[in-house]
Amino acid sequence: MNLNKWMPWIVVVGLLVLIGGWASGSYNSLIGLDQQVKTAWAQVENQLQRRYDLIPNLVETVKGYAKHEQEVMARIADARSRYAGAASPADKIRAAGELESALARLLVIVERYPELKADRQFTQLQDELAGTENRLAVERMRYNEAVQAYNSRILRVPTVFFARLMGFTEKPYFEAVQGAKEAPKVDFTGGR
């Protein structure tokens, strides 16, 4: 048997096996990273839902004390509606930011009502919300870490070509809402 005659075919088959192995490994790796992003996002949604469920109780408690603060209450209701209607992670991230902003305004209003801050039900709800916000911050961080690992992988050469061919696209980060770096102004003078 003459191996020289078959050598080019052996090399071609060997290269095809290597490329196929690399492609299969890359695909499986991308699927694994995609699943990590989805799992992390599910945990973020879980905490967002917890926050979403706590807000009506908090708002109702505040309404009893701050009847004339209807604009903030309406913003919270609108933000909750937008979150409930959001379909994609990017839409939910935007809606969660609006809800976060409206909640911050509500908590600033609370500072004007010392009797509300002393209310046991309100303080319990506020503590639950603070705990939820802390868990949400942890889950956002984990989600962003998963997105960073995924996005880094699909943007690296040579995986970028394969990832595009297979339909893998970048995932959005969960970024801070506009104005989150500025502390809300609290008025302790009782000016209503």
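Keep in mind that what you see is a predicted model, and the values were worked out from it rather than measured.

Visitor: Just checking my understanding: could you explain unusual backbone geometry for this structure?
Guide: If a residue is not glycine, its phi is most likely negative; likewise, a peptide bond is most likely trans. Cis geometry marks the peptide bond from valine 157 to proline 158, where omega comes out at 5°. Structurally, proline 158 can be placed in the loop between α5 (120-155) and α6 (159-165).

Visitor: I tried to follow the confidence of the model for the protein chain on my own but got confused; where do I start?
Guide: The predicted coordinates of low-pLDDT regions are not to be read in fine detail. Per-residue confidence for the protein chain averages 85 on the pLDDT scale, and 91% of its residues sit at or above 70. Of all helices and strands in the protein chain, the one with the weakest mean pLDDT is helix α4 (residues 114-117) (81), whereas α5 scores best (92). In this model residues 186-192 is a low-confidence stretch, pLDDT under 50, and it forms 12 contacts with partners more than four residues away in sequence or in other chains.

Visitor: Help me out: how do you make sense of the packing of helix α1 (residues 3-65) against α5 in this one?
Guide: The relative placement of two packed helices is expressed as an angle between their axes plus a distance between the axes. Put simply, α1 and α5 touch, their axes get as near as 8 Å, and they point 160° apart. By the angle between their axes, α1 is roughly antiparallel relative to α5. In this structure, α1 meets α5 at a crossing whose hand is left-handed. For the contact of α1 with α5, the class distribution of residues is 20 nonpolar, nine polar and 10 charged.

Conventions used here
Residues numbered from 1 in each chain as written. Predicted model: local features only at pLDDT ≥ 70, side-chain atom pairs only at ≥ 80, totals over all residues. Heavy atoms only, no water. Helix = DSSP H or I, 4+ residues; strand = E, 2+ residues; numbered from the N terminus. pLDDT = per-residue confidence, 0-100. Contact = heavy atoms within 4.5 Å. Axes fitted to C-alpha atoms, helices over the stretch in contact; angles between N-to-C directions. Parallel < 35°, antiparallel > 145°, perpendicular 65-115°, else oblique. Left-handed = near helix turned anticlockwise from the far one by under 90°. Nonpolar A, V, L, I, M, F, W, Y, C, P; charged D, E, K, R; others polar.

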